[in-house]
Every structure is written in structure tokens, then in C-alpha cells.
Amino acid sequence: MKVLVVYNPAAGGGREALLKQLVRALTARHADVEVYRTRAPGDATRHLQERAHQGDVVVAVGGDGTTNEVLNGLAGNVPLGIFATGTANVLARELALPKHPEQAADVIVQGVSMPVWPGDLNGRRFLMWVGVGYDAWVVQATDLTVKRRFGKLAYVLAMFSQIRRYGSQRYRFLLDGREYLAYSAVIANARHYGGSFILTRQADLTRPALQVLLFTRPDRGQLLKCLLALPFGAMERVPGVVSVSARDIQVAVPPGGLDEPLQADGDPAGVLPAAVTVAERPVLVRVPAATAARFDARRQPG
Ligand SMILES: Nc1ncnc2c1ncn2[C@@H]1O[C@H](COP(=O)(O)OP(=O)(O)OP(=O)(O)O)[C@@H](O)[C@H]1O
């Protein structure tokens, strides 16, 4: 089995020792391993797109941003493996992927290839979320030097720094043709957010649909209630939060908001307008058998 490992040495401040252990564990399982080290943002996607052959499985070693870049370069029929060495590693939590290199190698070599439906934002795929308004401002304001040194604290500082701006901009959304107005939104493909918190129980990576959380009140009090409700998985129940399932989402440029940023999978992703849909086909992701069974059980009616 040919395994191509795409390693981002910048993710999580660098995890060389873990990379070595993973490669050793894969080799011990008779995998023929090649490691590609990224040198800059965008490298992983470019490298994969330029390769004639990607092997039997491509493994993203980094955080959620690295997985996103690998996803965007991945050939249609090649399964994606994930070994999380980043800061937040939300996807790894969503899929209950092992943290230990030996167990991770087992999943990469002989795990279940589970079909996952990515979303598409303006022609680029994402796995977890797209953010508009406050959520995107936080990502834009996250200091990368602080993130490398202090990890998740960088996100927390950015969250506080952006609270004062909340309510200053209103956005127009078309969700499967129906109009909504909101002061921020998270378009979720995954349940988790910001680490181990549950943003919405309606989202399901294995279903071709997205769950849109709209924050329809302009006052900062609402934002604070939402932030406080998040650790309890109760954000959707905060008054003023509207949660809608949709497959076709359009977000217009607001008046005077020419440079309004977007975030996708926790990294900056251009500016509005946004056209968000479900990708045309699923991607196969290597997961533990227990994860595949859990997703199967959720899809059963009743
Ligand atoms: N060699 C590199 N040097 C600097 N940045 C890089 C390099 N390779 C990739 N990147 C960029 O690093 C960014 C951060 O990576 P990633 O998101 O995987 O890690 P993280 O931010 O530590 O983790 P998480 O997203 O899980 O919080 C990615 O958006 C990617 O574009």
C-alpha cells in the first residue's frame, strides 16, 4: 500500500516527533510511505494537484487547515487519512480519530473508508464550516504568532477583541431561495466547533446537507449568551438564533461591506459574496469502525 503523508510543519507549532512515530508505525504495517513537507500556505493543494499519482491513501498531518488544503488537492477516488497535530483539531474530534500514532496507523491502513460530503464555498471545498460576520472576523483577527506559541488562547483573545464590532453589519442570506437577514452566521457541515463544543446536533458529515445558524439579533447581549451557551451545546436554543437546513446558500455583499471576510475550516477564505453548496460527490475518509457505526446509527430513522 502506498501512503502519501502531507505534513505541515507549522501546524500546532510543529510536531516532528509525532510525524516520525506515525511514519514508523505505518512502515511497520507494510505501507510504502512518502512524506511531503509543506513550505507555505497553499502548498499541499498545489502539490497534490500536480502529482500524476497520489497512492492508495493520502494522510493530512497537521490541523484543520492542513486537512482542508489536502482535501482540495485530493484526487476523486483516493481516501483521505487524518493525523491531527494542529491547534484545535476539530475534525479529529468529530470523527473520534485516535491521537496515538500506532492506533492512527491502524485506522489509516485498515480503517473504514466512510463517505463524507464536503461543502463548497466559491469553488473550494470545506469539511466543517464557513463563517460570515463575527465568526469570520475572529479568524481574521487571530494572531498566528500567538497561536503558534500559546495555541487556542489566540482564538480566545480574538473572540474578545471582535465582540465590540458585533451588530455593526447586517447580511442578506438566500437559503434554498428563502431570504433571511442576520448579523452573523455559521454554515455548519460538522457538529463540533472550537474544540470539543457541539455547535449543532442537526449537522451530519455523512449527509449531503448543511445546517445554517443565523444570529438574527444585533445586540452584543445575544452574542454573549451564544458564547456562554456553546460549551453546553445549547447555542441553537438561544432566542434569536435561527437554525435552518439548506443545500444552496447565497450571501450577498452588504452595503459598504466590500472586504467582508469569510472563514472556512478555521482559516481565512476570501471575501463576500459567498455561494455555498454541497460538493458534487463525497470524499472517502479513513475512520475507526466505531465511528462509521455511530454515523450509520444516527442516519437510521427513529
Ligand atoms: N510550511 C508552512 N509554513 C507556514 N504555514 C503553513 C505551512 N504549510 C501550511 N501552512 C498553513 O498553516 C495554516 C495552519 O495550519 P493548520 O490549520 O493545519 O494548523 P493549526 O492552525 O495549528 O490547527 P487548527 O486549524 O486545527 O487549529 C494552514 O492554513 C496552512 O495554509
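Residues numbered from 1 in each chain as written. Predicted model: local features only at pLDDT ≥ 70, side-chain atom pairs only at ≥ 80, totals over all residues. Heavy atoms only, no water.

How should I be thinking about the nonpolar core in this particular structure?
A general trend in soluble globular proteins is that nonpolar side chains are found buried together. Judged by nonpolar contacts, the single largest core of 77 residues is most densely connected at Leu95, Phe173, Leu175, Leu199, Leu214 and Ile249. Of the residues forming this core, the biggest block, five residues, is contributed by strand 14 (residues 210–215). Split by domain, this core shows at least three residues from each of two domains, domain 1 (2–117 + 282–299) and domain 2 (124–278). In contact with Leu95, other than residues within four places in its own chain, are Ile82, Met114, Leu205, Val285, Val287, Pro288, Thr291, Arg294 and Phe295. Residues Leu19, Leu26, Phe83 and Ala104 belong to the second largest nonpolar core, which totals 15 residues. (Core = buried A, V, L, I, M, F, W, Y, C linked by side-chain atoms within 4.5 Å. Buried < 20%, exposed > 50% of the residue type's maximum accessible area, 1.4 Å probe, protein only. Helix = DSSP H or I, 4+ residues; strand = E, 2+ residues; numbered from the N terminus. Domains from an automatic or database assignment. Contact = heavy atoms within 4.5 Å.)

Mind showing me how you'd approach the site of the ligand here?
Thr66, Glu69, Thr87, Lys147 and Asp267 are the nearest of the 22 residues found near the ligand. Between the ligand and Asp64, the relevant distance is 3.0 Å, taken from an oxygen atom to a main-chain nitrogen or oxygen of the residue. Within the backbone of Gly65, one N or O atom sits 2.9 Å away from an oxygen atom of the ligand. Starting from 630 Å² of accessible surface for the ligand in isolation, the protein chains cover 87%. (Near = heavy atom within 4 Å. Polar contact = N/O pair within 3.5 Å; in protein donor to acceptor, adjacent residues only side chain to side chain. Areas by Shrake-Rupley, 256 points an atom, 1.4 Å probe, with all protein chains shown as cover.)

Would you take a moment to explain the packing of aromatic side chains for this structure?
What characterises a pair of aromatic rings is the spacing of the ring centres plus the angle enclosed by the ring planes. Applying the stated criterion across every chain, the model contains one aromatic pair. With 5.5 Å between their ring centres and 75° between their planes, Trp129 and Tyr193 make a pair best called edge-to-face. With Trp129 in strand 8 (residues 129–132) and Tyr193 in strand 12 (residues 192–193), this residue pair connects regions lying 64 residues apart in the sequence. Take Tyr193: its relative accessible area is 18%, and that puts it in the buried class. Directly above the aromatic system of Trp137 lies the positively charged group of Arg165, at a separation of 4.2 Å from the ring centroid. (Phe/Tyr/Trp six-rings, centres within 6.5 Å; stacked < 30°, edge-to-face > 60°. Lys NZ or Arg CZ within 6 Å of the ring centre and 35° of its normal.)

Could you clarify how one ought to interpret the UniProt feature "domain: DAGKc" (unreviewed entry) in the chain in this entry?
In the UniProt entry, the feature "domain: DAGKc" (unreviewed entry) is given for residues 1–125. Secondary structure content for residues 1–125 is 35% helix and 26% strand, and the end C-alpha separation is 27 Å. (UniProt positions renumbered as here; feature names shortened; annotations may be inferred.)

Quick question: what am I supposed to make of the pattern of salt bridges here?
Opposite charge on two side chains permits them to pair, given that their charged atoms come into close proximity. In the structure shown here, the tally under the stated rule is nine salt bridges. Close ionic contact of Arg51 with Glu34 constitutes a salt bridge, the shortest N to O distance being 2.9 Å. Taken as a pair, Arg51 in the loop between helix 2 (43–50) and strand 3 (57–62) and Glu34 in strand 2 (residues 32–37) lie far apart in primary sequence, 17 residues in all. Overall, Arg51 belongs to the partly exposed group, its relative accessible area being 23%. Here Glu34 falls in the partly exposed class, since its relative accessible area comes to 38%. Close ionic contact of Asp43 with Arg39 constitutes a salt bridge, the shortest N to O distance being 3.8 Å. Under the relative-accessibility criterion, Asp43 is labelled buried at 6%. Taken together, the shared-partner salt bridges connect Arg29, Glu102 and Asp106 into one network. (Salt bridge = Lys/Arg side-chain N within 4 Å of Asp/Glu carboxyl O.)

In this structure, what is going on with the sheet that holds strand 8? I would like to understand it.
Strand pairs in the sheet, formed through backbone hydrogen bonds, run parallel or antiparallel to each other. Spatial ordering of the open sheet is given by 15-14-11-8-17-18, a layout of six strands whose pairing is antiparallel. A strand with exactly one partner marks an edge of an open sheet, and here the two such strands are strand 15 (241–246) and strand 18 (267–271). Across the sheet, the mean angle from the axis of one strand to that of its neighbour is 20°, orientation sign disregarded. By the bridge criterion, five bridges tie strand 11 (residues 184–188) to strand 14 in an arrangement that is antiparallel. By the bridge assignment, Ile187 is partnered in strand 14 with Val212. (Pairing = 2+ DSSP bridges. Axes fitted to C-alpha atoms, helices over the stretch in contact; angles between N-to-C directions.)

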